[in-house]
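Topology and contacts: notes
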Amino acid sequence: MSAWRTALRIAAREARRAKGRSLLVLAMIALPVLALSFAAVNFDMFRLTPEEEIARSIGAADGKLQFISGVVNEQDFRGQGYASTHSETDELPHRTATEVQALLPEGSRAIPYRRGSLKLRTAAGIGELDVRGVDIADPITRGMVELVDGAPPRQPTEVALTRPAAKRLGVGLGGTVVTADDTHRYTVVGIVELPAELREIVVLPPHALPDTDPDRTHVWLVETPQPIDWAQIRELNAKGVVVSSRAVWLDPPPEDEFSAGGGRGGVAAFGTAGLVAGLAVLEVVLLAGPAFAVGARRRRRDLALVAANGGTSAHLRRIVLADGVVLGLAGAVVGIVGGIALAVLARPLVETYLTQSRAGGYRFFPLALAGIAGLAVVTGLLAALVPAFTAARTDVVTSLTGRRGQTRTSRRWLFVGLIGVAAGAGIVGYGAWRVSSATILAGLIIGELGLVLCTPALVGLIARLGRGLPLAPRVALRDIARNRAAAAPAISAVMAAVAGSVALGVYYTADQARHVADYRPSLPHSYVGVSHVIHEPHKPVQLAPPDQVAAAVSSTLPGARIVQLQTPYCAEATDASCGLYPELPKERECPYWELPQPLSRADQRAAAADERCSRTGGYYYGSAIGDVIADRETVGLLTGAHGSDLDRAAEVLAAGGVVVGSDRYLVDGKVTLVVEDGSGRDHKALPRITVPGYVPSTGIRPVNTLISSGALAAAKLTAQPGGLVAIPTNMPSQADQDRLHAALTEIGPISWAVERGPYISKDPFLLVLGIAAGLITLGAAAIATGLAAADGRADLSTLAAVGASPRLRRLLSFSQSGVIAGLGSLLGVTAGLGTAFAVLFAYNQAAVDVWPAAPPYPLTVPWQSLLIVAVVPLVAMLGAGLLTRSRLPIERRLG
């Protein structure tokens, strides 16, 4: 221990003497510690205790009862997940407070709790907001809803709002909230907060929601004289009631008595956190390693003096390793304190913008912080490990005279590195196949360490290939090859950063591309579809005057081209069901949908292999326009079809046919149409006609059926104005859409939709990844370039003595940075693309036998990240060339 105390004192003294290098290493260790500490503290603050979970779910009640249509076969102990056998009717029986209390012990009390939504007039127009119907004045709701200001709503004309809802509606206390149809007005009497949902929510008394029957409430909060136990829950399950009980939540029964339901999210999240933490440690080790090598190189004379005075190799290793311990401890203290402070300061922002829920309390997860501190020390030790062993093998005489020995790479390390790369690739593929983040992490670390071991040999090979280069790059390559102990980790650090950025970028872009590929537009991009049909509760379907609808659209979307559309009509229809619908041939229907769901593993494999059950539909955001009476111009407008494809569609329509969106409906060029004539007959008894059919191959495939006038006549239906399409000059803004919504609401409850295309995340994830990889590349190149400059000082003196130009120093730095950043980036892109493609391929293979399955991940390239990666080496080279002093040193050396 005395030897370690001495080594630690030397390390502390050296840290004070070399403040620049010490701060660099300290920052490298402290930053990931800060990030991990911030994550750990937030995890503990937002990981609710059972008591906090209960308060947010059922308030101060003893239980929450939810009535369903059928019998509950099983439920989890929280009452948040259940399986049931549905009854013959879809309608739930009416329930009153008296009937609910009759199911519970004598002396129980019940109040209703409702969830819904309302279309309200907002500050910008009209919007749909979530509504909670509950008496927040009742103490039973304490913890679910908290009154922040004002008074609780008690009358049917009173309302309370969350702050986000008040902001969107543009009202405050005493203001008025109006429904979109102007039938209800509410006075804002309170500002409330739902700790579990910090978003736009309107709170009303439970029976004040418009067009609702107070007896149709299906969720109740109850107080009981005695706690509701598991046996009572099972009795209530048999009566079609799902129960959340405070007593059972706090003291759950054995797992074999209930359905656990889910629970894998936390494990997956923890695995992802472990993956990120493991890669962060590897990155810090690779980045800080060259900095420790700088210190060891600059102290080689001091270390040689220790050896000359009887110090052993173990003493030398211990001195350098002590640097890692001292700086690791300092990084742990700085990072943990900073992480805790940042978590506390950022808590309101995390609550508002990230989790949209309140944290449980100020808790700091001491066990995790202790582990993170230990991780910081281990990281420092690992970073100092290679420099320590290198220093222990330094020749004393060579170091004392200021000369360097020749560095060679052992072939066994190259052999071990190649084995590591192959093993890592195999483990990553296996981990992706098993969907195990821990296995993927192990494979990535093994593979990257294998590349690290191969890097010195690669550096030596490149140095030999550079014999025909000009002086500056040739000397730079030679110095990097001779200083492989520091250059190789720097190159590897760049490689690891770029590989991680590229791999995550590939996955992210593949996921976005899969999302886009699965989307089916209902109209060309930015087009607005508006229906003329007015659906009012308890009233027959009506048609809005087409000129009024067109005027409303024109006034809110100036410059838009308006095209009126015709839809099928039959006088007998009392709703919007009249029309012609393509029928899928019986032999093309997927038989596995008729089996009890979910399917067994064997049935899933069979369904996945059955072409009739392949995924062909995709998703779309809905269409306000139904089936349309079409001609050539209409088909071109609604689908964007063109050329000979449009000619063929027009020929089919002229022959009395239809244009449909899938060739699954076509049999020998014909489509069978079901005639919905408003008679109310069973679907199997409805008349059918067979007409020519066509599926466009250009533009978009229609979501609805485009019907010819000939097919309409064959079905004995007529046409009527059914809607319009507006073609604006550009994509309507949110303000335009709010104004349009308000203008159409003045006419009636008319449906409309803007074709926005698939949702593309605006998350700057790829940009952040690319910037992070770029900064790491610049940092690693700067560290290695500084080390090469320090070690090459004698060579620069020799060059100065023989008359070399002062610009040579800049050219050397320029070349050294280029080799490190360029080689590391090239290796990183190769490793990142290979890893990501292997993972995506494994994910796709694992989903082959899963049905119904999502579309496979396409193998895409994140060009945005690769562009940043390509630019960074150039920036590193320019920075090194501009920031390096051009004056060459003159030194005295001992012979």
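Refer to the preceding data block for the structure.
Here is what the cut-offs are and how they apply
Residues numbered from 1 in each chain as written. Predicted model: local features only at pLDDT ≥ 70, side-chain atom pairs only at ≥ 80, totals over all residues. Heavy atoms only, no water. Patch = residues over 30% accessible without salt bridge, like charges linked within 9 Å, V, L, I, M, F, W, Y side chains within 5 Å. Areas by Shrake-Rupley, 256 points an atom, 1.4 Å probe, with all protein chains shown as cover. Salt bridge = Lys/Arg side-chain N within 4 Å of Asp/Glu carboxyl O. Lys, Arg positive; Asp, Glu negative; His and termini not counted. Charge placed at Lys NZ, Arg CZ, Asp CG, Glu CD. Helix = DSSP H or I, 4+ residues; strand = E, 2+ residues; numbered from the N terminus. Disulfide = S-S within 2.5 Å. Buried < 20%, exposed > 50% of the residue type's maximum accessible area, 1.4 Å probe, protein only. Pairing = 2+ DSSP bridges. Axes fitted to C-alpha atoms, helices over the stretch in contact; angles between N-to-C directions. Parallel < 35°, antiparallel > 145°, perpendicular 65-115°, else oblique. Left-handed = near helix turned anticlockwise from the far one by under 90°. Contact = heavy atoms within 4.5 Å. Nonpolar A, V, L, I, M, F, W, Y, C, P; charged D, E, K, R; others polar.

Some words on a positive patch on the surface
A cluster of basic residues, Arg13, Arg16, Arg17 and Lys19, forms a positive patch at the surface. Tracing the backbone through its elements, the reader meets Lys19 in helix 2 (residues 19-46).

A closer look at the state of the cysteines
Scanning all chains against the criterion turns up 1 disulfide. The partner cysteine of Cys590 in its disulfide is Cys613, sulfur to sulfur 1.9 Å. One disulfide, between Cys590 and Cys613, carries an S-S torsion of 95° and so falls in the right-handed class. In this pair, Cys590 is assigned in the loop between strand 17 (579-582) and helix 18 (601-609) and Cys613 in the loop between helix 18 and strand 18 (628-629), connecting sequence segments 23 residues apart. Pair check on accessibility: Cys590 and Cys613 agree, each one buried.

Topic: the sheet that holds strand 12 (residues 219-223)
The sheet built from 4 strands is open, its strands ordered 4-12-1-13 with antiparallel pairing. Two strands bound the open sheet, and with one partner strand each, they are strand 4 (109-112) and strand 13 (241-245). Strand-to-strand twist across the sheet, computed as the mean angle between neighbouring axes with direction ignored, equals 25°. Pairing analysis gives 4 bridges linking strand 1 (residues 63-67) to strand 12, with the strands arranged antiparallel. Paired with Gly63 across the two strands is Val222, which belongs to strand 12.

Let's talk about the packing of helix 19 (residues 632-639) against helix 20 (residues 643-654)
Where helix 19 meets helix 20, the closest approach of the two axes is 9 Å, and the angle between their N-to-C directions is 130°. Between helix 19 and helix 20, the angle is such that the two are oblique. In the crossing of helix 19 with helix 20, the sense of the turn from one axis to the other is right-handed. Side by side, helix 19 and helix 20 meet where Arg632, Val635 and Gly636 of the first sit next to Leu646, Asp647, Ala649, Ala650 and Leu653 of the second. Of the residues contributing to the contact of helix 19 with helix 20, the split by class is 5 nonpolar, 1 polar and 2 charged.

Here's the deal with the environment of Pro348
Considering the arrangement of structural elements, one finds Pro348 in helix 10 (residues 313-355). Taking the relative accessible area as the measure of exposure, Pro348 reaches 43% and is therefore partly exposed. Separated by 10 residues in sequence, Pro348 and Arg358 place their C-alpha atoms 8.4 Å apart.

Brief notes about the pattern of salt bridges
If you walk through the whole model with that rule in mind, you get 21 salt bridges. Between Asp511 and Arg514 there is a salt bridge, with the nearest N and O atoms lying 3.5 Å from each other. In this pair, Asp511 and Arg514 both sit in helix 16 (residues 484-517), 3 residues apart, roughly one turn of the helix. The class for Asp511 is partly exposed, based on a relative accessible area of 29%. One salt bridge connects Lys586 with Glu589, and the closest N-O pair in it is separated by 3.4 Å.

Considerations on a nonpolar patch on the surface
Residues Val378, Leu382, Leu385 and Phe389 make up a contiguous nonpolar surface patch of about 310 Å² in total accessible area. In this structure, Leu385 sits in helix 11 (residues 366-392). Leu385 sits in the partly exposed class, given a relative accessible area of 34%.

Quick look at the packing of helix 17 (residues 546-556) against helix 22 (residues 734-747)
Orientation of helix 17 relative to helix 22, taken along the N-to-C sense of each, is 155°, at an axis distance of 9 Å. Accordingly, the angle class assigned to the pair helix 17 and helix 22 is roughly antiparallel. Of the two possible hands of crossing, helix 17 and helix 22 adopt the one that is right-handed. On helix 22, the residues touching Gln548, Val549, Ala552, Val553 and Thr556 of helix 17 are Asp736, Arg739, Leu740, Ala743, Leu744 and Ile747. When its residues are assigned to classes, the contact of helix 17 with helix 22 shows 7 nonpolar, 2 polar and 2 charged.

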